[in-house]
Amino acid sequence: MKKRMLLLTLLIIPQLNAWAETPEEKGLAIAVEADKQDTGWKDQQSELKMILRNRQGQETQRNIRNRQLEVDNDGDKTLSIFDSPRDVKGTAFLSYTHSKVPDDQWLFLPALKRVKRISSNNKSGPFMGSEFAYEDITSQEVDKYTYKWLNDETYEGNDVFVVERYPSYKHSGYTKQITWIDKKMYQPLKIVFYDRKGAKLKTLTYYDYKQYLNKFWRPDRMEMVNHLTHKSTTLLWSKYKFDNGYTDRDFDRNSLKRAR
Amino acid sequence: MLNFFALWTSHNPQYCGLDTMKRRGIKWALTKLIMTFSTSTAVATTALLPTICNASGEWSGNVAVEVRSFAHTPSFSDQHDDYLSISAQPEYFFEWDNGKQSFLFIPFVRIDQHDKERTHADIRELAWIKASDVWELRAGIRKVFWGVTESQHLVDIINQTDAIENIDRENKLGQTMINLALIQDWGTLDFFVLPGFRERTFAGREGRLRTQPPVDTDNTVYEASNKNKHTDLAIRWSHFIGDWDVGISHFYGTSRDPRFTINTDRSAIIPNYDIINQTGLSLQTVVNDWLWKLEMISRNGHENHYTALTGGFEYTLVGIINTQADLGIISEYLYDNRDEAATTPFQNDIMLGARFTLNDVQSTEILAGLIFDIDNNGHLFNLEASRRLGDAWKLNLEIRTFSNINSLNDPLYSSRNDDHLQIELAWYF
């Protein structure tokens, strides 16, 4: 009897250990690993072409240049310069994202030469009339969500973790997001967004990831489809460049005024 | 001057390496400058233009048609009911030295159907900027904005108002300057040397929104003995600390706001520009959806001292009624301790406004505001709306009405019959 007990214990204990990680812990562990793998890129620049499509499929285009600076233990600093539409050319947007407190955001209006502070609770608002909200494009910090791992599966031939995440910041436009995280890259392949009422609102799909500096994965294309309005937005990323030697000085309000 | 330019270019191999387009751009910019402004400015700017190889220049800008239609019969016989005008504001920009140096040129011109004064041209910008890690040097003709509030801009003093463009005072004339900014952990410290003074623009005899008699800018009186050649000085410290944006400034020189006197035969109003000292404070903070704003100035000049302030908030409701639209509620209090003797109509007034942003593809925006005078019950209503049409066109609409303006002392008195609608269609390239 005793022997059998021991055997049972030996059989069960290792399994219990494996089961000790709750789906929440596993979800968080995946997010932490993803964050870790995307740490150390220091700075980057890129060019973004946004194609906005309405219900009838009519297209409008926007061009934006982005510069980013990685900040240790906090959100990144981003400077975005708008090249088109032509009437907003020269408008620049500076944001310091934070994981725990609201982001700091400033907008430079070239016609008035005015730097305007923006109240950053506007995270759920659309970015330049697109299907992307500000919160979809600002840096994704671990602390911005709580997580729950759902299952492992194969998505488009890739092994993925399926993880649900819940925005932990106030003023989010979402109740939850389901993410398909590629096990090799630790980058999302798809995100489904659920609105405040819990309805399926949007689907974001990532395409053509490329690796930079032998480490960091960036997609060439992102497609966001709004299931309620049937409008969609394509983001085409190009000219990714790392090691630009940016410092905090390149992301201050003096640089914002100079940006063009 | 042109000879100096020729000399400079022929001795500058980098300049010669540029393509014809860029060379032509620079030459045109400089020639324009020389024709319009003092030789000293031109020498300074040309000399400061350093090596410009690898520059990537580009033209952009806009051309616009504007119609102003007035609701009431004019107060004065020379005035009209409708005014058509066209304007152009091209921009030439190039940067080099990895973005550390840049050159910007923005000329402006408007041609008005009736008002000879409103037909005018200006160089809004013609400037060179060099940036390093801890300082920036900006020289030439530039526009600088200071301040945070919406209803009026008390602290903003570097540039003269191009008042003939719009009574909202947001259009400015280019100002010659050398501006050194020291950029440190404790904030940015800006020093300004401002040689030369620009007079405010005023509507002519045939224009609306003018005084009776009209302002005579040919007989302007200056306190400075060298008149509009006086060199003004300014300094400003600005910083952001957490959720706070702070600016403290001091200006010494010729006031941008004229004091008015009437000439002996009472046929014209004469602008008088005094030498002043003005200290300004601007403060702004974000608390959740609230932006709190304050601007204060203290001014000494013409044996007078006064204080004025504007303070208030902007509260944003995000995604109203389950749409993508935002609604901002703005309210500000405007005060000037000179009371009825103030040269501004806003001495004890409240502004209530709403900013409606559709966040649509066409960037549709509507800003409506009402400023009412607590003492005499006068109202100034203002509506501005804009929408992009296609990719390159923009439609702007403005409505202004003046009501209950009965006091002869009110600076808005002569505009009391000038309620108007303004429609502008602009093409961007």
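Just above, that's the structure.
Residues numbered from 1 in each chain as written. Chains lettered and ligands numbered in written order. Predicted model: local features only at pLDDT ≥ 70, side-chain atom pairs only at ≥ 80, totals over all residues. Heavy atoms only, no water.

1. Focus on the overall build of chain B
Consideration 1: Check the secondary structure of chain B and you find four helices and 21 strands.
Consideration 2: Burial status across chain B gives 51% buried among its 429 residues.
Consideration 3: A separation of at least 24 residues holds for 56% of the contacts in chain B among residues at least 6 apart in sequence.
Consideration 4: With the model as given, the accessible surface of chain B reaches about 19,000 Å², and the carbon-plus-sulfur share is 57%. (Helix = DSSP H or I, 4+ residues; strand = E, 2+ residues; numbered from the N terminus. Buried < 20%, exposed > 50% of the residue type's maximum accessible area, 1.4 Å probe, protein only. Contact = heavy atoms within 4.5 Å. Areas by Shrake-Rupley, 256 points an atom, 1.4 Å probe, with all protein chains shown as cover.)

2. Digging into the side chain of Asn226 of chain A
Residues and elements named next belong to chain A.
Consideration 1: Here Asn226 shows up in strand E12 (residues 216-226).
Consideration 2: A distance of 3.0 Å separates a polar side-chain atom of Asn226 from the backbone nitrogen of Thr229.
Consideration 3: Leaving out residues up to four positions away in the same chain, Asn226 has contacts with Glu131, Leu201, Lys202 and Lys231. (Polar contact = N/O pair within 3.5 Å; in protein donor to acceptor, adjacent residues only side chain to side chain.)

3. Let's talk about unusual backbone geometry
Consideration 1: Here the bond from Ser84 of chain A into Pro85 of chain A is cis, since omega is 5°, no more than 30 degrees from zero.
Consideration 2: Relative to the elements of secondary structure, Pro85 of chain A occurs in the loop between strand E3 (77-84) and strand E4 (92-96).
Consideration 3: The residue after Gln212 of chain B, namely Pro213 of chain B, is reached through a cis peptide bond having omega -10°.
Consideration 4: Its location among the elements puts Pro213 of chain B in the loop between strand E7 (187-195) and strand E8 (221-222).
Consideration 5: Within the chain, Glu156 of chain A stands out as a residue other than glycine whose phi angle is a positive 50°.

4. Notes on empty space enclosed by the protein
Consideration 1: Following the criterion strictly, the structure yields eight cavities of 30 Å³ or more and no others.
Consideration 2: Estimated volume of the largest cavity: approximately 320 Å³.
Consideration 3: Forming the walls of the largest cavity are 24 residues, and the residues nearest its centre are Lys113 and Lys257 of chain A together with Ile129, Arg142 and Lys143 of chain B.
Consideration 4: Mapped by element, the contributors of at least two residues to the lining of the largest cavity are helix H4 (253-258) of chain A together with strand E3 (101-112), strand E4 (120-131), strand E5 (135-142) and E7 of chain B. (1 Å grid on protein atoms, 1.4 Å probe; cavity = no way out; pocket = protein on both sides within 12 Å on 5 of 7 lines; lining within 4 Å. Points joined across faces, edges and corners; volume = space filled by probe spheres on them.)

5. Observations regarding the interface of chain B and chain A
Consideration 1: Taken together, the contact between chain B and chain A spans 53 residues of the former and 32 residues of the latter.
Consideration 2: It is Phe145, Phe240 and Val361 of chain B in chain B that bury the most area against chain A; as a group they hold 14% of the surface buried on that side.
Consideration 3: Counting every contact that joins chain B to chain A gives 13 salt bridges.
Consideration 4: The partner of Lys116 of chain A in a salt bridge is Glu150 of chain B, and the shortest N-O contact between them spans 3.6 Å.
Consideration 5: Inspection of the region where chain B meets chain A yields 22 residue pairs in polar contact (both at pLDDT 80 or more). (Buried area = accessible area lost by both parts, 1.4 Å probe. Salt bridge = Lys/Arg side-chain N within 4 Å of Asp/Glu carboxyl O.)

6. A look at the environment of Phe191 of chain B
Residues and elements named next belong to chain B.
Consideration 1: Its place among the elements puts Phe191 in strand E7.
Consideration 2: You can call Phe191 partly exposed: its relative accessible area is 33%.
Consideration 3: Sequence spacing of Phe191 and Trp237 is 46 residues, and the spatial spacing of their C-alpha atoms is 9.1 Å.
Consideration 4: Among all residues touching Phe191, those that are not within four sequence positions of it are Ile178, Asn179, Leu180, Leu182, Ala234 and Ile235.

7. Here's the deal with the nonpolar core
Consideration 1: With 36 residues, the main nonpolar core has Met50, Ile64, Phe82, Trp180, Leu204, Met222 and Leu235 of chain A as its most contacted residues.
Consideration 2: Only strand E1 (43-53), strand E8 (158-167), strand E9 (174-182), strand E10 (188-195), strand E11 (200-212), E12 and strand E13 (232-242) of chain A provide two or more residues apiece to this core.
Consideration 3: Discounting chain neighbours no more than four positions away, the residues touching Leu235 of chain A are Leu48, Lys49, Met50, Phe132, Asp220, Arg221 and Met222 of chain A.
Consideration 4: Counting residues in hydrophobic clusters, the runner-up holds 15 residues, among them Val144, Met177, Phe192 and Ile297 of chain B. (Core = buried A, V, L, I, M, F, W, Y, C linked by side-chain atoms within 4.5 Å.)

8. Thoughts on the pattern of salt bridges
Consideration 1: For the structure on display, the rule yields 54 salt bridges over all chains.
Consideration 2: Among the salt bridges present, the one from Arg388 of chain B reaches Asp87 of chain A, with a minimum N-O distance of 2.8 Å. Remark: Asp87 of chain A occurs in the loop between E3 and E4 and Arg388 of chain B occurs in strand E19 (residues 379-389); the pair is interchain, linking two chains. Like Asp87 of chain A, Arg388 of chain B is buried.
Consideration 3: Among the salt bridges present, the one from Glu223 of chain A reaches Arg221 of chain A, with a minimum N-O distance of 2.6 Å.
Consideration 4: Residue classification places Arg221 of chain A among the partly exposed residues on the basis of a relative accessible area of 26%.
Consideration 5: When salt bridges with common partners are traced through the structure, they connect Arg114 and Lys116 of chain A together with Glu150, Lys293, Glu314 and Arg355 of chain B into a single cluster.

9. Remarks on the sheet that holds E8 of chain B
Residue and element names in this part refer to chain B.
Consideration 1: The strand order E8-E12-E11 describes an open sheet built from three strands, whose pairing is mixed. Among the strands making up the open sheet, the edge pair consists of E8 and strand E11 (259-262).
Consideration 2: One ladder, built from two bridges, connects E8 with strand E12 (residues 269-273); its direction is parallel. Paired with Tyr222 across the strands is Tyr273, a residue of E12. (Pairing = 2+ DSSP bridges.)

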